[in-house]
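So the chains spell out like this:
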Amino acid sequence: MALHVPKAPGFAQMLKEGAKHFSGLEEAVYRNIQACKELAQTTRTAYGPNGMNKMVINHLEKLFVTNDAATILRELEVQHPAAKMLVMASHMQEQEVGDGTNFVLVFAGVLLELAEDLLRMGLSVSEASSIGYEKACKKALEILLDLMCCSAKNLRDVEEVASLLHTSVMSKQYGNESFLSKLIAQACVSILPDSGHFNVDNIRVCKIVGAGISASSVLHGMVFKKEAEGDVTSVKDAKIAVYSCPFDGMITETKGTVLIKSAEELMNFSKGEENLMDLQVKAIADSGANVVVTGGKVADMALHYANKYNLMVVRLNSKWDLRRLCKTVGATALPRLTPPTPEEMGHCNSVYLSEVGDTQVVVFKHEKEDGAISTILIRGSTDNLMDDIERAVDDGVNTFKVLTRDKRLVPGGGATEIELAKQITSYGETCPGLDQYAIKKFAEAFEAIPRALAENSGVKANEVISKLYAVHQEGNKNVGFDIEAEAAAVKDMLEAGILDTYLGKSWGIKLATNAAVTVLRVDQIIMAKPAGGPKPPSGKKDWDEDQND
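What counts, and where the lines are drawn
- The numbering scheme is per chain: residues are counted from 1 as the chain's sequence reads.
- Reporting in this predicted model follows two pLDDT cut-offs: at least 70 for local features of residues, and 80 or more for side-chain atom pairs to be given and counted; totals over whole chains, interfaces and linings ignore these cut-offs and use all residues.
- Side-chain numbers come from the whole structure's heavy atoms, not from hydrogens or water.
- UniProt positions are given in the numbering used here, feature names are shortened, and annotations may be inferred rather than shown by experiment.
- With a 1.4 Å probe rolled over the protein chains alone, any residue whose accessible area is under 20% of its type maximum counts as buried; one over 50% counts as exposed, and the rest are partly exposed.
- Helix and strand labels come from DSSP, where a helix needs a run of H or I of at least four residues and a strand needs a run of E of at least two; each type is numbered from the N terminus.
- Following DSSP output, two strands are said to pair if at least two bridges run between them.
- A pair of aromatic rings is counted whenever rings of Phe, Tyr or Trp (Trp by its six-membered ring) have centres within 6.5 Å, and the orientation is called stacked for planes under 30 degrees apart, edge-to-face for over 60 and tilted otherwise.
- Residues with no salt bridge and a relative accessible area higher than 30% make up the patches, which join like charges within 9 Å and nonpolar side chains (Val, Leu, Ile, Met, Phe, Trp, Tyr) within 5 Å.
- Residue exposure ignores everything except the shown protein chains as possible cover, and the areas themselves are Shrake-Rupley values with a 1.4 Å probe.
- We count a salt bridge whenever a side-chain nitrogen from Lys or Arg sits within 4 Å of a carboxyl oxygen from Asp or Glu.
- Lys and Arg are tallied as positive, Asp and Glu as negative. Neither His nor the chain termini are counted.
- In this description, the location of a charge corresponds to atom NZ of lysine, CZ of arginine, CG of aspartate or CD of glutamate.
- For the purposes of this section, nonpolar cores are sets of buried Ala, Val, Leu, Ile, Met, Phe, Trp, Tyr and Cys residues that join through side-chain atoms within 4.5 Å.
- Whether two residues touch is decided by their heavy atoms; if any such pair falls within 4.5 Å, the residues are in contact.
- All axes here are fitted lines through C-alpha atoms, helices being fitted over the stretch that makes contact, and every angle between N-to-C directions spans 0 to 180 degrees.
- Every angle not falling under 35 degrees, over 145, or within 65 to 115 is termed oblique; those three ranges are roughly parallel, roughly antiparallel and roughly perpendicular.
- Handedness of a crossing follows from how the near helix is turned relative to the far one, being left-handed for an anticlockwise turn of less than a right angle and right-handed for a clockwise one.
- Ten residue types, Ala, Val, Leu, Ile, Met, Phe, Trp, Tyr, Cys and Pro, are classed as nonpolar, four, Asp, Glu, Lys and Arg, as charged, and the remainder, Gly among them, as polar.

Naming follows an unreviewed UniProt entry, where the chain appears as T-complex protein 1 subunit theta of Anseranas semipalmata. Regarding the chain, the UniProt comment filed under Sequence similarities (unreviewed entry) reads as follows: "Belongs to the TCP-1 chaperonin family." Of the chain, the UniProt comment under Subcellular location (unreviewed entry) reads exactly: "Cytoplasm".

Structural data, given as structure tokens:
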């Protein structure tokens, strides 16, 4: 009979073998805070226009060079459960607002860091987190309403929209923000429907290596990195038939055996197939269509007849691209090679094959301004650079989407944060009880934003913050940190045109506080034994491999 080894009494006795548990302040809370601080520290250096880039190589060995917090977190695959909560909060910010993910991380990280001081002072977790922080968050959102400095007046004016997108584009592509925000504004304004319901998916990005960023442009319609299959390379006033099946002869469902006895029969057999194909393509041409888009392969014989009837053939491998094209040109994707009815056909002004750099592209162009889809053609020297520009475009488009929902704006560059810190500190003074310490710490946490901006710009952070407090004390609410100055300087953000969306800030504060409070309220971590058997042994190297690797 096997010897029964008794377990140590206590909590571990209840759990399966191999389970771990941590409890109490030292083991659970401080460890969680430490993990979150490390994560926030990673992305903090990437905050703002002068933020450093991170080089991330993901599990598929794809290389990312970016300072976009959302991308960094997505590719890092964070495992620590508490740090994962911060990642979720910033992911939520990405879904709600599309920008400001780094703000959530930096702010939540600092809130936790300061909460650790409170706990070490002897405050209980509930006083520090749930009561104090939540009270302060509620107050911050009230004050934020008064800090609104202006509103977007006309979202159909390209110049005005471009100036509002400056800030979000600047944080990703410092130096190219004027050019890029103009491009994004043109693309967004051209497809903004009268109802005002703007869809982010209607702005497509096509990246083509070569030239420089200043060669990028906007097209109304869609651009595909494909070549036209046949001889026809451009069609004006295009009527488009879209097929989700291959452009080929029909194959019979059942297998059949054909017995051919003479050469004449062989000729007749292939002739019949050719005639059938000829009739199918002729029927499509007779319906008025002059462009065929197919989602499958294009047979040589079908292509021959398409050239004969002057049909332009374009092949798109992606079913998503096919759907988007249908939406753009107003076509219906047909599952079989039947001639399209006028309702099923799509229309656009011109379809043509063009060459951008050394890449062949097919352009479906809408001349009318309110096309359903707009494409930003990005040029750049390397793929990594273009990926980063695409992320900047993505942020700009999302900012426009936020402005269509809520036109209110608050000053950027740390101006809003310092004003919030100042007002919440005075609010903390009026609160009796122990939660005033937490409220003051919450106010102090706001200083981390201008501090991060200053540190990343290589300026003394304490000097910047003391100057900002001095100016705000005089009642200048819109003054923030001047990134372009050599030394620690401040300037009016409203005049400089550095503005953040009100929605982005309020969601950021809410999500960061919720994440921090959730992490603080965990007092025990119980980890079950991971599923699965023992890990396979790391195999011995083959005899011909270098042993010194």
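Picking up after the structure, the text goes on.
A. Structural detail: the pairing of strand β6 (residues 217–224). Along β6, 7 of the 8 residues are buried, which leaves the element largely enclosed by surrounding structure. Bridge count between β6 and strand β13 (residues 374–380): 4 bridges; the pairing is antiparallel. Bridge assignment links H220 to a residue of β13, and that residue is S374. Strand direction decides the pairing type here: β6 and strand β12 (residues 359–365), joined by 4 bridges, are antiparallel. By the bridge assignment, V223 is partnered in β12 with V363.

B. Inspection of the packing of aromatic side chains at higher detail. Counted under the stated rule, the structure contains 7 aromatic pairs. When the ring of F107 is compared with that of F442, the centres are 5.6 Å apart and the planes differ by 80°; the resulting orientation is edge-to-face. Of this pair, F107 sits in helix α4 (residues 101–121) while F442 sits in helix α13 (residues 435–446), placing them 335 residues apart in sequence. A relative accessible area of 0% places F107 in the buried class. Classification of F442 by relative accessible area gives buried; the value is 0%. Taken together, the ring pairs in this structure connect F103, F107, Y133, F442 and F446 into an aromatic cluster.

C. View of a negative patch on the surface. On the surface, a cluster of negative charge is made up of E227, E229, E355 and D358. Structurally, the position occupied by D358 is in the loop between β11 (346–356) and β12. Look at D358 and you get exposed, because its relative accessible area is 68%.

D. Main features of the nonpolar core. Residues Y133, L420, I424, F442, F446 and I509 are the most contacted members of the largest nonpolar core, which totals 72 residues. For this core, the element with the most residues is α4, which contributes 13 residues. In this structure, F442 is in contact with F107, L111, Y133, A136, C137, A140, I424, I509 and T513, ignoring residues within four places of it in sequence. Core analysis: the second largest hydrophobic core is formed by 33 residues, A162, F198, I389 and L499 among them.

E. Looking closely at the packing of helix α6 (residues 158–170) against helix α7 (residues 177–190). In contact at an axis separation of 8 Å, α6 and α7 are set at 125° when each is read in the N-to-C sense. The orientation of α6 with respect to α7, classified from their angle, is oblique. Relative to α7, the crossing made by α6 is right-handed. Of the residues in α7, those in contact with V158, E159, V161, A162, L165, H166, V169 and M170 of α6 are E177, S178, L180, S181, K182, I184, A185, Q186 and V189. A breakdown of the residues in the contact of α6 with α7 according to their chemical character gives 10 nonpolar, 4 polar and 3 charged.

F. Just the sheet that holds strand β14 (residues 408–411), in detail. Pairing within the open sheet is antiparallel, and its 3 strands lie in the order β4-β14-β17. The open sheet has two edge strands, β4 (150–151) and β17 (499–501), and neither has a second partner.

G. Spotlight on the pattern of salt bridges. Following the criterion strictly, the structure yields 29 salt bridges and no others. Between R44 and E455 there is a salt bridge whose closest N-O contact spans 3.8 Å. Linking R44 in helix α1 (residues 24–44) with E455 in helix α14 (residues 448–456), this pair joins segments that are 411 residues apart in sequence. In this structure, D321 and R324 form a salt bridge, with 3.9 Å as the shortest nitrogen-oxygen distance. Taken together, the positions of D321 and R324, both in helix α10 (residues 319–329) and 3 residues apart, correspond to about one turn of that helix. Residue classification places D321 among the partly exposed residues on the basis of a relative accessible area of 25%. Judged by relative accessible area, which is 22%, R324 ranks as partly exposed. A single network of salt bridges, built from pairs that share partners, joins E26, K37, E116 and R120.

H. Fine view of a nonpolar patch on the surface. On the surface, V258, I260, L266 and F269 cluster together into a nonpolar patch covering about 360 Å² of accessible area. Relative to the helices and strands, I260 resides in the loop between β7 (234–243) and α8 (263–286). A residue is classified by how much of its surface remains accessible, and I260, at 34% relative accessible area, is partly exposed.

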